[in-house]
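Working through the structure, step by step
What follows is the residue order along each chain.
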Amino acid sequence: MIIRDGQHSTEVMNVLRREIPNPQSLESIRDKAARILDQSVNPIGQPPEHPSDGLLYGLIQSGKTSIITVAAAMAADNGFRCILILTSDIDLLYDQTLERVRRALRGLTVLGKKDWKDAQRFERQLRASAFVVVCSKNGSKLKGLLEAFKAARAGGLPTLIVDDEADQASLNTFTSKGSPQVSKINEVITEFRDFFPVNTYLQVTATPQALFLQRPDHRYRPSFTVLSEPGPGYVGGEAFFDPSETLLRSVDLDEVDLLRSTHQPSPTGTVPQGLRRALCAFLVAATTKLIRHPDQEGYAFLCHVSVNKRDHEHIVDLIDRFRENAVSVLQTPTLPKHRQFVDCLREAYADLGGTEQHMPPFDEIVEKIQFYLPGATIRLVNATSNEEVELDSVYNIFVGGNKLGRGVTIKNLLVSYYGRNPKKPNADTVLQHARMYGYRQKDLGLTRLFLPDKLAEHFRLIHQMESALRDLVERHPQGKFEGLYISSPLQATRRNVLDPNAIGYYVAGRMYNPAYPLRTPDITRHTTSIDGKLASFADSLQGYSISVDLVIDLLRECVPDPQRGIELWEPKTLITALEKLRGILAHSDAWLILQRGRRLRQPRRETQGIHDSGEDRHVGRAIPTLFMYRQDANGSEVEVWWPQIRFPDGNYVLAFSFSR
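Heads up: these notes are all about the structure in this document. What you see as residue numbers is a count from 1 along each chain, following the sequence as written. Only residues with pLDDT of at least 70 get local features here, since the model is predicted, and only at 80 or more are side-chain atom pairs given and counted; chain-wide, interface and lining totals rely on the full set of residues. Side-chain numbers here rest on the full set of heavy atoms in the structure, without hydrogens or water.

Time to look at the overall build of the protein. Only runs of H or I of at least four residues qualify as helices and only runs of E of at least two qualify as strands under DSSP, and these elements are numbered from the N terminus. Broken down by element type, the protein carries 20 helices and 23 strands. With the radius of gyration taken over C-alpha atoms, the globule rule is written as 2.2 Å times the number of residues to the power 0.38. Relative to the 2.2 N^0.38 estimate, which gives 26 Å for 660 residues, the radius of gyration of the protein is 29 Å and therefore close to what a compact globule would have. The contact criterion used throughout is that any non-hydrogen atoms of two residues lie within 4.5 Å. In the protein, the proportion of contacts linking residues at least 24 apart, taken out of those at least 6 apart, comes to 79%. Working definition of accessibility: Shrake-Rupley area with a 1.4 Å probe, residue cover restricted to the visible protein chains. Surface summary for the protein: the accessible area is close to 27,300 Å², and the carbon and sulfur share equals 48%. Charge convention: Lys and Arg are scored as positive, Asp and Glu as negative, and His as well as the terminal groups of each chain are ignored. Charge positions come from single atoms, namely NZ of Lys, CZ of Arg, CG of Asp or CD of Glu. When the 81 positive and 79 negative side-chain charges of the protein are each reduced to one mean point, those points stand 3 Å apart.

Take a look at the structure:
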């Protein structure tokens, strides 16, 4: 449909202009919102034949909410009557979203989660030309809102449903069990989608792995994707996890256990060395910023090592005692601990000076720390606390778990100490912990991330995975790509939302082959084409060096027999996997092994292999290997090439979903 800018679109852009002064960034936000509306259902048309659903795929803390608000304004200007925004059930995040939406959409009625309890008043509010409802993803609240819509007989309203953090709570958590049982939130969201016949369902997340691993025909797998690109000043994984990074600081993995009181019969009261270094780095970095900008509201430190509330309380107590001791020793220069603490600050000063130019004099920094440290705020932010993530002092230290792990924005975050170490980390969950990402370019020289090397490697692999996935989506914006790159030892996402019978994996170093090639007469043209492409290659077990492009050309001509079953050997999926590997390996080389005159007659499993024992040992395992075996005619079965591919060694998995 033709997208027009109206009063609501103009107003929201005026609001954002005060927050985002860069004209190119504003134009990009408007462009992404317009793309969403362009692919949405026609709000003044008939119910669509196929569901209208899509994905806004952004980066962590990159400004997805701005695109949501502009898309909502455009929806109101272009005929949508109801904009329903589903967001986190954590009060902190819900309030943050509601406040942002109300601030941006000043010409629209914006209803919060208490505004539909009065049925008659709610029905009157629905008579507005267009309105917004922001509801938390809580089963009872969603059900209550749906019942209010039903009571108001509002199903005829053309509706844009925006599901923020759609991968978190919206999917059916009973999928892996294969039972008809459906989790409550997923059930009610589906009811909303059914209740409004003319609707577009827009999923929003920075971690869409769980969405893309739904079956291709699944209702919660997006049919189109809009990539959100960050504006100037954004800091992402490349700043921390590229080979040339300068902002990571290693801590001992064992010291993280010292911070977990649940692992110790008598927890120690000692602040581990790595955490002490991190706190000193924060004090120096924040004080440097304060000296330059005395009017700033303050700066933040994040400690995230556990989901256990007892651990959080233990860490708050440790850091509070660290603060008290530091205040005491700074006031008493004759104490031996005074020199130890000042030496820690001096070490941090020297380290930060390696990435930040024109540091203030060290003595001035120590003097300011001595003055401001007594007023430092140490806050516990978890499910049992009512603390807000606000800066109300110069030094703001936040300790918590999941409540600080998704969606929350921590302003002026300079130093993070991270230690979450699950046995089987999910890539999407770990990436959501990257609160150090965001528009932090002006603070980058004073930014540090302290974590164990093992966890840094997890983040590095996830950063590579994210870059590969975004590249894949950019080339296939309609959501029809067939692969998802993940790195061992990571899992892409939690398994309870995935159908185990519809997930396939290409694993590094493994072999794959079609169960049986199609051998009907109309396949002859493909055999002839392959004969021509391989005419210059003699049979050889030693292998030929060829390009991945040639491998892809050959695979396009190899047609598996659908009657024998096709799951892992799907040519389109394999080609996508090889294209992805080409980017991972940063080169386009492959091996080719040929044999003609074969007489194989029996189908194989897709991981069984079709070559004679030992043939795969003749070439190296660092690049893809394609084995091509030409089968002689057999009665009504024509001559055909039967392929097998071996993926190169490495620490990756290429995951995909398929319809059954």
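That shown, we press on.
The subject of this paragraph is the packing of aromatic side chains. Centre distance and the angle of the planes are the two values used to describe a pair of aromatic rings. Pairs were defined over the aromatic rings of Phe, Tyr and Trp, the Trp ring being its six-membered one, requiring ring centres within 6.5 Å. Orientation was assigned from the angle between planes: stacked under 30 degrees, edge-to-face over 60, tilted for the rest. The tally for this structure, following the rule as stated, stands at 21 aromatic pairs. Taking 5.3 Å as the distance between ring centres and 65° as the angle between the ring planes, the aromatic pair formed by Y349 and F362 counts as edge-to-face. One end of the pair, Y349, is in helix α14 (residues 336-353); the other, F362, is in helix α15 (residues 362-372), and 13 residues separate them in sequence. Assigned by exposure class, Y349 and F362 land together as buried. One aromatic cluster in this structure is built from F122, F149, F192, F195 and F196. Over the aromatic face of Y94 sits the side chain of K113, whose NZ or CZ is 4.3 Å from the ring centroid. For each residue, the accessible area found with a 1.4 Å probe, counting protein chains only, is set against the maximum for its type, and the residue is called buried under 20%, exposed over 50%, and partly exposed in between. Consider the ring centre and the ring normal. A charge sits over the ring if Lys NZ or Arg CZ is within 6 Å of that centre and within 35 degrees of that normal.

Most peptide bonds adopt trans geometry, and most residues besides glycine take a negative phi value. With phi around 50°, R153 is a residue other than glycine that occupies positive phi space. Here R153 is to be found in the loop between α6 (139-151) and β5 (159-164). Accessibility expressed as a relative area gives 67% for R153, which makes it exposed. The backbone phi angle of E165 is positive, close to 50°, even though this residue is not glycine.

This part takes up the state of the cysteines. Note that a disulfide, as used here, is simply two cysteine sulfur atoms within 2.5 Å. According to the stated counting rule, one finds zero disulfides in the structure shown. The cysteine C82 is free of any disulfide, with C135 supplying the nearest cysteine sulfur at 11 Å.

Turning next to the environment of N496. When you line up the elements, N496 lands in the loop between β16 (484-487) and β17 (503-507). Residue classification places N496 among the partly exposed positions, given a relative accessible area of 28%. Separated by 94 residues in sequence, N496 and N402 have C-alpha atoms that sit 19 Å apart. For N496, the residues in contact, after removing those within four places along its chain, are N172, T173, F174, T175 and S176.

Its 13 residues give α6 an end-to-end C-alpha distance of 18 Å, which sits within 8% of 18 Å, the value for a rise of 1.5 Å per residue. Regarding α6, the residues found buried are G139, L142, L145, L146, A148 and F149. Of the surrounding secondary structure, the elements contacted by the buried residues of α6 are β2 (82-87), α5 (119-125), β4 (131-136) and α8 (184-195). In the stretch just after α6, R153 is the one whose phi turns positive, near 50°. By definition here, a helix of n residues has an expected span of 1.5 Å times n minus one.

The next subject is the pairing of strand β6 (residues 199-205). Here β6 lies mainly inside the structure; seven of its seven residues are buried. Of the two faces of β6, the one carrying N199, Y201, Q203 and T205 and the one carrying T200, L202 and V204 are both buried. Strand pairing requires that DSSP identify at least two bridges connecting the strands. Bridge count for strand β1 (residues 52-57) against β6 is six bridges, and the pairing is parallel. If you follow G54 over to β6, its bridge partner there is L202. Pairing geometry for β5 and β6, over six bridges, is parallel. Bridge pairing links I161 to Y201 in β6.

Before going further, it helps to spend a moment on α14. Taking 1.5 Å as the rise per residue, α14 with 18 residues should run 26 Å; its terminal C-alpha atoms sit 26 Å apart, in good agreement. Turning to α14, its buried residues number three or more, namely H338, F341, V342, C344, L345, A348, Y349 and L352. Buried residues in α14, looked at end-on, bunch into an arc of 150°, giving them a common side. Those residues of α14 that are exposed and angled more than 90 degrees off the buried face are P336, R339, Q340 and A350. The elements touched by buried residues of α14 are α12 (273-292), α13 (309-330), α15 and β15 (448-451). Our arc is simply the arc of the directions from the helix axis toward the C-beta atoms.

For the rest of this paragraph, the subject is the pairing of β1. In terms of burial, β1 is largely enclosed, as six of its six residues are buried. Judged by which residues are buried, β1 turns out to be covered on both faces: S52, G54 and L56 on one side and D53, L55 and Y57 on the other are all buried. As paired strands, β1 and strand β7 (residues 225-227) are joined by three bridges and run parallel to one another. What sits directly across from Y57, in β7, is L227.

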